Each structure stands twice: as structure tokens, then as C-alpha cells.
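# Coordinates in review
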Amino acid sequence: MDKQEIDKLNQEFSYLTPQDLIQFFLQKYKNRIALASNLGAEDQILTQMVSSLDQTAIIFTLDTHKLFNESYRVIEKTNKKYNIQIKVIAPEQKDIDNAFEGRPFTSIYDSIENRKKCCNARKVIPLKKFLGTVDAWITGLRKEQSVTRTNMQLIEWDEEFNILKINPLINWTEKQVWQYIKDYDVPYNELHDKGYPSIGCQPCTRAVEPGEDVRAGRWWWENPEYRECGLHKK
Ligand code: SF4
């Protein structure tokens, strides 16, 4: 799709609620659309919305083999609560070996290049393979989350994966997220109550101090403009 078509979609759909937007695209793409869940608060909301519309809709998560135990527990309790089966996508060992070329895992802290190679092997390559099977994906991105996300739109053409990308919560505030979780009793990662507003892999995520940016705990040793794993290009 070109920029004009995407702009038109954004204008047309800007008044829809996230639920109505999701319903429209689930009906349009059926089994050719997937919700990518990182098991964070926003994606838990989307999981609740998607599964309330269609329990067989594709919801998947990337298991980098470096997640917190609390994140694995979120998968179990979410499957149980909504009677769904979140697909767990794992990386291939050969891609991890290629990324590290014999270096130890801790080399991810030595340079952005090393860290991104790990993200590429554990996240980007598996995601790319999986997204090759669908025509559209849904994400829980919000503009407010980071300086790298302020220009993102409700609907985008994802040039990296060559499919449509739908971000139903793009304009939501953090307050709206937590109000929805409370109102609908959405299961969430217990680490959110322990100072982790954004949760990724255990070695690359720390708790944040009150008042810090919500993504300050992700790849905290890097400059803010580099703090993405390659799944969402600017
Ligand atoms: S977030 Fe950290 S552990 Fe996870 S894939 Fe990226 S570099 Fe590797």
C-alpha cells in the first residue's frame, strides 16, 4: 500500500474504538492476521479484546528463552482465563550461534551492534518468519511509550515485513491502559507492580524509578534513541 492509501485508512478509522477497529480487521483478514503479544499491559488488553471477538484468532508471542519467569506465568493465566492458546514462537539455535560467533552472552552489553545481533536472532528472525504467513499484524504500540514511537500511526504499512500494521492503542495514555485493565480484570505481569512498566528479556530489563520514562528500564545502558529491538522500525 502506498502512503496515500494508508493516510486514507487512518482518516477513515480514526473515530473507531480499538474494539471496532480490531473487529473490522479480524473480519477482513480472518486467519491472515495476528496479534503479536509481548505480554505487556497493552498487549494483554489487546488479547482480551481479540479473544472476546474470536477465540480462534491468532495471538502469538516470541519466547527468546531469556524471559522472566513472571512472563511465562502470564501466558498460562491468560490462556486459562480466555480459553485460548497463545502461540509461542522460539528462535533457532543456529541463528543464535551465528549472532554470537563464539562470544559470551554478556557481550550484548559491550556494544549496540552485539546487542542488536542477539535481538535479531531471538526476535526479528522468528518474527519475520511468522509474519510471512499473514497479511496484517496488530501491536500494542503507544506513542507515549518512547521517543522512538512518537511518529507512529494507527495504521501503517510495515516496510520491514511488507504487511499492514495496526496499532489500536497508539493514542492511549498510560492511565487509560491501567483503567481498562482494572475495569475488565485483565491478567497482567506481576512485575508491573514492582517498578517494571515495560518488560522484555530479563537480562535487558530493569525496574525504573518513579518519574523515569516508561521504557527507561529497557536496554538501560544505551542512549534512548537506540532502544528498540528491531521489531518496530521508526
Ligand atoms: S532483549 Fe536482550 S536478551 Fe532479549 S533478544 Fe534482545 S539482547 Fe537478547
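The coordinates are above.
Keep in mind that this is a model prediction, so the values were computed, not measured.

For any two helices packed against each other, the geometry is given by the interaxial angle and the distance between the axes. The interhelical angle for the contact between helix 2 (residues 18-29) and helix 3 (residues 41-53), taken along N-to-C directions, is 55 degrees, at an axis separation of 10 Å. The pairing of helix 2 with helix 3 is recorded here as oblique in orientation. As helix 2 runs across helix 3, the sense of the crossing is right-handed. Residue-level inspection shows Pro-18, Gln-19, Ile-22, Gln-23 and Leu-26 of helix 2 in contact with helix 3, the latter providing Met-49, Val-50 and Leu-53.

On to the sheet that holds strand 6 (residues 163-166), then. Picture the strands of a sheet paired through backbone hydrogen bonds; they go either parallel or antiparallel. Reading across the sheet, the 6 strands line up as 3-2-1-4-6-5 and stay open at both edges, with mixed pairing between neighbours. The sheet is open, and its two edges are formed by strand 3 (87-89) and strand 5 (155-158), each paired on a single side. Adjacent strand axes in the sheet meet at a mean angle of 30 degrees when their direction is disregarded. Taken together, the 3 bridges between strand 1 (residues 33-36) and strand 4 (residues 136-138) define a ladder with parallel strand orientation.

In terms of strand pairing, strand 5 meets strand 6 through 4 bridges, oriented antiparallel. The residue of strand 6 that forms the bridge with Trp-157 is Leu-164. Here strand 5 folds back onto strand 6, and the loop between the two strands holds 4 residues, one of which, Asn-162, carries a positive phi near 60 degrees.

Now for the environment of Ile-108. Take Ile-108: it is sitting in the loop between helix 5 (93-100) and helix 6 (112-131). The sequence separation of Ile-108 and Cys-119 amounts to 11 residues, and the corresponding C-alpha distance is 9.4 Å. Once residues within four sequence positions are removed from consideration, Ile-108 is found in contact with Asn-114, Arg-115 and Cys-118.

Not every one of the 13 residues close to the ligand is listed here, only the nearest: Cys-118, Cys-119, Arg-122, Cys-201 and Cys-204. Class assignment of the residues belonging to the shell around the ligand gives a composition of 7 nonpolar, 2 polar and 4 charged.

Moving on, we come to the environment of Leu-141. Position of Leu-141 relative to the elements: it lies in the loop between strand 4 and strand 5. Sequence spacing of Leu-141 and Tyr-82 is 59 residues, and the spatial spacing of their C-alpha atoms is 22 Å.

Bringing helix 6 into the picture now. Where helix 6 bends most, the angle comes to about 45 degrees, and this point is Asn-120. For helix 6, the full list of buried residues reads Arg-115, Lys-117, Cys-118, Cys-119, Asn-120, Ala-121, Arg-122, Lys-123, Val-124, Pro-126, Leu-127 and Leu-131. The inward-facing, buried residues of helix 6 abut strand 2 (58-62), strand 3, helix 5, strand 4 and strand 6.

This part covers the packing of helix 5 against helix 6. Closest axis-to-axis distance for the helix 5/helix 6 pair is 8 Å, and the angle between their directions is 160 degrees. Relative to helix 6, the element helix 5 is oriented roughly antiparallel. Handedness of the helix 5/helix 6 crossing: right-handed. Counting all contacts with helix 5, which are made through Asp-95, Ile-96, Asn-98 and Ala-99, the residues of helix 6 involved are Lys-117, Cys-118, Asn-120, Ala-121, Arg-122 and Ile-125. The residue inventory of the contact of helix 5 with helix 6, partitioned by class, reads 5 nonpolar, 2 polar and 3 charged.

Rules of the game
Residues numbered from 1 in each chain as written. Predicted model: local features only at pLDDT ≥ 70, side-chain atom pairs only at ≥ 80, totals over all residues. Axes fitted to C-alpha atoms, helices over the stretch in contact; angles between N-to-C directions. Helix = DSSP H or I, 4+ residues; strand = E, 2+ residues; numbered from the N terminus. Parallel < 35°, antiparallel > 145°, perpendicular 65-115°, else oblique. Left-handed = near helix turned anticlockwise from the far one by under 90°. Contact = placed C-beta atoms within 7 Å. Pairing = 2+ DSSP bridges. Near = placed C-beta within 6 Å. Nonpolar A, V, L, I, M, F, W, Y, C, P; charged D, E, K, R; others polar. Bend = angle between axes of the 7 residues up to and from the residue. Buried ≥ 20, exposed ≤ 12 C-beta atoms within 10 Å, placed from the backbone.

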